[in-house]
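Below, each chain spelled out in residue letters.
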Amino acid sequence: MKSKAHRHQASFRDPSGYIVQDGSSFKRVINPIYFPVYDALCKADFFAPLFKAKMLIPHVEQERSDQSIILLPEQIELMTYPYEWSFEQYKQAALLTLKLQNYALDRDFSLKDASAYNVTFQRGKPIFIDTLSFDLYQKDSPWRAYKQFIGHFLAPLVLAHYHGAEALKMMQTHIDGIPAALAASMLPGRSKLSPTLYTNIHLMAKMEAKHKDEYTPKSRSIKLSKKSLRNLLRSLYDYINKLELKEQTEWGDYYNKTNYQPQSFDFKKQQIQKWIRSRAARKIIDLGGNDGTFARAILQDIDLAVVADIDHKAVASNYAQVKANKEVNMLPLWFDVAQPSPALGWANKERDSILSRLQVWGPEAVLALAVIHHITLSGNIPFEDSARFFAGLSSVLVIEFPKRDDSWVASLLERKREFINHFDHYNLQEFEQAYMRYFTIEEKVEIPGSQRVLYLMQTRE
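The rules behind the values
- Per chain, residue numbering runs from 1 following the sequence as it is written.
- Only residues with pLDDT of 70 or above have their local features reported here, since the model is predicted, and side-chain atom pairs are shown and tallied only from 80 upward, although totals for entire chains, interfaces and linings are computed over all residues.
- Working from all heavy atoms in the structure, the side-chain values ignore hydrogens and water.
- Only DSSP runs of H or I with at least four residues qualify as helices, and only runs of E with at least two residues qualify as strands; both kinds are numbered from the N terminus onward.
- Here the globule rule is a power law, 2.2 Å times the number of residues to the power 0.38, and the radius of gyration is based on C-alpha atoms.
- Here the term buried applies to any residue with accessible area under 20% of the maximum for its type, exposed to any over 50%, and partly exposed to those in between, with areas from a 1.4 Å probe on protein chains only.
- What makes a nonpolar core is a set of buried Ala, Val, Leu, Ile, Met, Phe, Trp, Tyr and Cys residues whose side-chain atoms join them at distances within 4.5 Å.
- The contact rule is simple, with two residues in contact once any of their heavy atoms fall within 4.5 Å.
- Here, strands pair whenever DSSP counts at least two bridges between them.
- Helix axes are fitted only over the stretch in contact, all axes being lines through C-alpha atoms; the angle between N-to-C directions runs from 0 to 180 degrees.
- Between rings of Phe, Tyr and Trp, where Trp is taken as its six-membered ring, a pair exists when centres lie within 6.5 Å; planes separated by under 30 degrees are stacked, by over 60 edge-to-face, and by other angles tilted.
- Lysine NZ or arginine CZ positioned within 6 Å of the ring centre and within 35 degrees of the ring normal marks a charge as sitting over the ring.

Trainee: Where do I start with the overall build of the protein chain in this structure?
Mentor: Each helix and strand counted, the protein chain has 16 helices and 16 strands in total. Over its C-alpha trace the protein chain gives a radius of gyration of 25 Å, about what one expects of a compact globule, namely 23 Å for 461 residues. Referenced to the eigenvectors of the C-alpha coordinate spread, the extents of the protein chain come out at roughly 75 × 55 × 40 Å. A buried classification covers 52% of the 461 residues belonging to the protein chain.

Structure representation (structure tokens):
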């Protein structure tokens, strides 16, 4: 290895190997303990079909010695974590993991890890990224990663099914998975009538409670035939595949409620396309991008559009369109700009914050088209602070300012009730003065048929 390569701060859990960062590239180092399994996988031609099906991140073997094997995988454009996915994205990640376990069993291998963090999204689809998660299958042995799969996938999805998508955010505080006892305590009593939930959550919680005080755990030899294991996988797959999320959200049908006219939409799309092309921006992030309507208008001009929104229904709608249209350069994300995903895990370095990941990715333009009134009026964030935030993400900003007569602004102000006069600063003049401390205003246009103004801004030198 070259001296400039260093072990990634989040890669320490698996004795089979670890990730290193070599310049701008991430590589996987395989330790000698895993050589026999890796060589068996290669001999069985295990990887190639998964690469072709886009189920496992492709890699090439770059170096080999007695001390290590070094793989160069396809580089992930932007790493995302489970608590930033919509329900359907999370569900597809779970189904992918079960498909991989079935595939592995067909070839006498098995997943030893079933962490949700082994999956991310690349080119519109979930993809498994931990090449070292596969092990040799031991005859009649249970699935080693079963408990992890329940805590990382089944429990979050079922809790979201019963309690709403916000339950998926529990993975921020339970990065090792939601404990079966906690999940069981949050499920309604009628869930015990489901054979899948009773067996895989309620019964597991009972067994863990029964043995939790054992100082020296008893060795229990559990046998499970491959046929029984396949039946388990099939029941989990069928149950998860049928799970749905039923909830209404405030901003999910935002564009049907706004006071936009059809010509306003067309003008805005054309103006954004013109400005993005003029800056030759290939990587953009749309913050508060709802269902991706305006980012989708420029997809043909860019390499990747990351569209983030606080509203789960909007993100879910965006992902449904990504799937239906087979879009490879749109990445829907679920997070709140005013409360973005923090750094988590050991020493707060195991899972980077979303802002750190975005800064490394380096968007070449930021779209903030329907967000400044929410940041300012709902979040009480001063104009100067939001300007500093946007300037820290990219040198190019396309931002929309809804005036006080805009229907959404009027609604947000009305909610302030007796404190409405504290928001007199929400006006064009004060907005421009604050933003001009960090940006120059390159262009400014009124959006016809609306009470909104669109700006193209460039950070100051």
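Trainee: How should the nonpolar core be read in this particular structure?
Mentor: Side chains that are nonpolar tend, in soluble globular proteins, to be buried together. Within the largest apolar cluster, 139 residues are counted, with the highest numbers of intra-cluster contacts made by Phe134, Trp143, Phe149, Ile284, Phe390, Ile399 and Tyr435. If you tally residues by element for this core, the top one is helix 3 (residues 87-106), at 11 residues. Filtering out sequence-adjacent residues up to four positions away, Phe390 remains in contact with Leu287, Val366, Ala368, Val371, Ile375, Leu397, Ile399, Tyr435 and Phe439.

Trainee: How do you make sense of the sheet that holds strand 10 (residues 283-287) when you look at a structure like this?
Mentor: In a beta sheet, neighbouring strands pair by backbone hydrogen bonds and run either parallel or antiparallel. In space, the 7 strands of this open sheet follow the order 12-11-10-13-14-16-15, with mixed pairing throughout. With one partner strand each, in any of the chains shown, strand 12 (330-334) and strand 15 (439-447) form the two edges of the open sheet. The sheet shows a mean angle of 20 degrees between the axes of neighbouring strands, taken without regard to direction. With 5 bridges joining them, strand 11 (residues 304-309) and strand 12 adopt parallel strand pairing. Looking at the pairing, Val307 lines up with Pro332 of strand 12. Sheet strands touched by helix 12 (residues 354-361): strand 10, strand 11 and strand 12. Its angle to strand 10, the strand with the most contacts, is close to 150 degrees.

Trainee: What am I meant to see in the packing of aromatic side chains here?
Mentor: Enumeration over the complete set of coordinates arrives at 25 aromatic pairs. Plain terms: the ring middles of Phe265 and Phe294 are 5.4 Å apart, the flat faces sit at 20 degrees to each other, and that makes the pair stacked. Linking Phe265 in helix 9 (residues 262-278) with Phe294 in helix 10 (residues 293-296), this pair joins segments that are 29 residues apart in sequence. Each member of the pair, Phe265 together with Phe294, is buried. Seen in terms of ring centroids, Tyr435 and Phe439 are 6.1 Å apart; in terms of plane orientation they differ by 15 degrees. Their pairing is stacked. Given the relative accessible area of 0%, Phe439 is considered buried. The side chain of Arg351 reaches across the aromatic face of Tyr81, ending 5.9 Å from its centre.

Purely geometric stuff here, so don't read any function into it on its own.
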